[in-house]
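What the coordinates show
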Amino acid sequence: MLRPFELCEPASVAEASELLLRHGEAARIYAGGTELILAMKEGLIHYDYLVNVKTVPGLAGVRLDADGSLRIGAATPHRVLERDPSVSERFPAIARMEADVANVRVREVGTLGGNLCFAEPHADPGALLQVFDATVRLERKGGARTIPLERLFVGPFETCLEGDELLTEIVVPPLAPRSAAVYLKFGFLERPSVGVGVAVTLADGHVADARIAVGSVGPVPRRMRDAEARLQDRPVADSEAALAEAGRIAARASDAITDLHGSAEYKEHLVGVLLRRAFQAALAAVAGSERR
Amino acid sequence: MNAIPMSVTVNGEAHALTVPPHETLIECLRDRLGLLGVKKSCDVQVCGACTVLVDDRPVSACTVLAFEARGKHVRTIEGLAHGDDLHPVQEAFVEHGALQCGFCTPGMIMATVALLAENPSPTADEVKHYMRGNICRCTGYKRIVEAILAASERLATGPRTTDGG
Amino acid sequence: MRVEREIGIRAPRETVWDFLWDVPRLAACIPGAKEVRTVEDGKRYAAVVGERVGPFRVEFPLEIEVLEVEPPARLRARAGGRDRSVDGLVKVDLDVALTVVEDGTALRILAEIAVLGKLGTLGHSVIVRKGIEIIDRFAGAVRSHLEAKGS
């Protein structure tokens, strides 16, 4: 039995923000509740007020912008992203990643915004979306700001959201031409133990751009820029050696600890393996799309 | 708000209820409406035993709040059979021996109904991907997958006609 | 889960040893510790340790038992407690060693931490990281206290 709480159903972002301001730490934004209600049921946390953002119009839905960016309402369920044609055609790695989040029931109800804001370290979207240089829009009554997604995550279960702010939109720019992204993960518990996202852009037989993000290992998902530098501007033919080195750098930088998900050494090993496989799959995807 | 009036249709029957916001859907279905076919197992939305359909979408009744079903159609295992006539998915599970203790079965069947409504002819891989969130401790899953594939064929064929056409 | 940390403190070993038994000053070095008291001098102590990870808060009333002392070089202790609201039990086995080194004392802390119950399963990774953080901060605080002292 959950402890009782009051439900607030704002009709606008401003009203939602006001409610957060008024009730402070006693209130929390509630969307799908797949993380929040679970934590509340376990008695780990309690809020006297849940602010239902599903009643605010315009926060759910996905559309393609004129410039090819994907604009995702924060209250969009994972399943919508799994199945929407714009996502599967233009951002197949994102559709694939969303299709593998948790289970179908969580995907039907749980939202991308909720997932990002709960900031559970063992999660998928926060890692992959960073290789797209995704940004997030944070709104409050009387103001809004847009920040790179990677700045949203401050620590385990902690974001940079101010007390009266809510996440309203995630914007994913398209990758450059001759690019592909891949996300691979490994886990044997309910949540992923290691997740690696990669985006690669090719030009004249060289790796013009390489982006790597690691999630589920450290306290937050983040980009591995030192590892990226090892792969950048190298001829594709030289990738093997560079990948091994990039893998070692990313593994060390991933801040792995020994816990129920495995030993630190094992996770570091997996980072290297998944990075190599994801990178090679991305290269193949670029080559494949060019043959058409 | 701390008492939410709602209309909800459950297995075709309309109900007018008032629920507190913190009541879960499983508490509403089991404790208020007596639908004990909705099983509470892991209680952390991982095992799927509590799977019910809300507007044809599979959800974990243990973690979805009851008021979220307001104005919607909820379907539980109790709503599948017509008297003694089993739903084709139920028939397929029985024929293929896709259950042993039966505890995961209501959730398995409801998830299957949702799957086949969305994807009437899934491949075995698609079945496994969709059903990944429904856990069975008894059967080893092989017969469950076979039952689902058989059910999809049965549903595609349509109701049996006496002239075999 | 095992955490091992060693730091150098610019203070004589005797001073560091005495500090470990100075309950109020030692307690001030433990992040989140409050209501620290002596139950049986040199043998049993009690403390409430509260910590926070993001929005989650836990509070453990701990009973600390000193198992073995070899003054001024080594002490072993055990602490345990049950969280006040969540199903979680914490058990810590501590092995603290002081060695004389060139410019002072090396303080080595070996902690074997077990978190049982729902908290242990649900929040295992987070708890491991927090455990490491607490020990790091504790060691750093001990050093600051001892190096700040004039005498």
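The shown structure was predicted, so the numbers you read here are calculated from the model rather than taken from an experiment. (Residues numbered from 1 in each chain as written. Chains lettered and ligands numbered in written order. Predicted model: local features only at pLDDT ≥ 70, side-chain atom pairs only at ≥ 80, totals over all residues.)

**Observations concerning the overall build of chain C**
Counting its regular elements, chain C contains 4 helices and 7 strands. Ordered by position from the N terminus, the helices and strands of chain C form the series β-α-α-β-β-β-β-β-β-α-α. Here chain C has a C-alpha radius of gyration of 15 Å; the compact-globule value for 151 residues is 15 Å, and the two agree. Projected onto its principal axes, the C-alpha positions of chain C cover 45 × 30 × 25 Å. Once local pairs closer than 6 in sequence are excluded, the contacts in chain C between residues at least 24 apart make up 51%. (Helix = DSSP H or I, 4+ residues; strand = E, 2+ residues; numbered from the N terminus. Rg over C-alpha atoms; globule rule 2.2 N^0.38 Å. Contact = placed C-beta atoms within 7 Å.)

**A word on unusual backbone geometry**
A cis amide bond links P71 of chain C with the next residue in sequence, P72 of chain C, at an omega value of -10°. Turning to its location among the elements, P72 of chain C is positioned in the loop between β4 (56-70) and β5 (74-82). For F157 of chain A, which is not a glycine, the phi torsion comes out positive at approximately 60°. Tracing the chain through its elements places F157 of chain A in the loop between β8 (153-155) and β9 (158-159). Taking the number of C-beta atoms within 10 Å as the measure of exposure, F157 of chain A has 23 and is therefore buried. Positive phi is not limited to glycine here, since D55 of chain B has a value of about 50°. (Buried ≥ 20, exposed ≤ 12 C-beta atoms within 10 Å, placed from the backbone.)

**Some remarks on the pairing of strand β2 (residues 27-30) of chain A**
Remember that side chains alternate between the two faces of the sheet whenever the strand is regular. Residue alternation in β2 of chain A divides its side chains into two sets, A27 and I29 of chain A and R28 and Y30 of chain A, and both sets are buried. Each parallel crossover has a hand, and the one from β2 of chain A via helix α2 (residues 36-41) of chain A to strand β3 (residues 49-52) of chain A is right-handed. (Right-handed = clockwise from strand over helix to strand, strands pointing away.)

**Focus on the packing of helix α1 (residues 13-21) of chain C against helix α4 (residues 124-148) of chain C**
All names here are of chain C. Where α1 contacts α4, the two axes come as close as 11 Å, and the packing angle between them is 120°. Between α1 and α4, the angle is such that the two are oblique. Our pair here, α1 against α4, has a crossing hand that is right-handed. Facing α1, whose interface residues are T15, V16 and F19, α4 presents V142, H145 and L146. (Axes fitted to C-alpha atoms, helices over the stretch in contact; angles between N-to-C directions. Parallel < 35°, antiparallel > 145°, perpendicular 65-115°, else oblique. Left-handed = near helix turned anticlockwise from the far one by under 90°.)

**Here's the deal with the interface of chain A and chain B**
The partner chain B presents 23 residues to the 19 residues of chain A that form the contact. Only β1 (6-8), α2 and α6 (104-109) of chain A provide two or more residues apiece to the side of chain A that touches chain B. A total of 5 residues in the side of chain A that touches chain B trace back to one element, the largest contributor, which is α6 of chain A.

**Looking at the interface of chain C and chain A**
Each partner contributes to the interface: chain C provides 14 residues, whereas chain A provides 16 residues. At the level of secondary structure, the elements contributing two or more residues to the side of chain C that touches chain A comprise α3 (118-122) and α4 of chain C. Ranked by residues supplied to the side of chain C that touches chain A, first place goes to α4 of chain C with 5 residues.

**Side note on the domain arrangement of chain B**
Residues and elements named next belong to chain B. Per the domain assignment, the segments of chain B are domain 1 (4-79) and domain 2 (88-157). For domain 1 and domain 2, the distance between their C-alpha centres works out to 21 Å. The interface is formed by 15 residues belonging to domain 1 together with 13 residues belonging to domain 2. Contributions of two or more residues to the side of domain 1 that touches domain 2 are made by β3 (51-54) and β4 (57-60). Of all the elements, β3 adds the most residues to the side of domain 1 that touches domain 2, at 3 residues. (Domains from an automatic or database assignment.)

**Section: the nonpolar core**
Side chains of nonpolar character tend, in soluble globular proteins, to be buried together. Core analysis: the biggest nonpolar cluster contains 172 residues, and V198, I212, A250 and L275 of chain A together with V52 of chain B have the highest contact counts within it. Those residues in contact with V198 of chain A, other than ones at most four positions away along the chain, are V131, A181, V182, R211, I212, L275, A278, F279 and A282 of chain A. (Core = buried A, V, L, I, M, F, W, Y, C linked by C-beta atoms within 7 Å.)

**As for the arrangement of the chains**
Where 2 pairs of chains are in contact, the pair with the most contacts is made of chains A and B. Taking C-alpha atoms only, the smallest gap left between chain B and chain C, which are not in contact, amounts to 11 Å.

**Thoughts on the sheet that holds strand β7 (residues 104-116) of chain C**
Residues and elements named next belong to chain C. The 7 strands are arranged β1-β7-β6-β5-β4-β3-β2 in an open sheet whose pairing can be described as antiparallel. In this open sheet, the two edge strands, each paired with only one partner strand, are β1 (2-9) and β2 (33-40). Between one strand axis and the next, the sheet turns by 20° as a mean value, whatever way the strands run. With 8 bridges joining them, β1 and β7 adopt antiparallel strand pairing. Across the sheet, I9 pairs through a bridge with T105, a residue of β7. (Pairing = 2+ DSSP bridges.)

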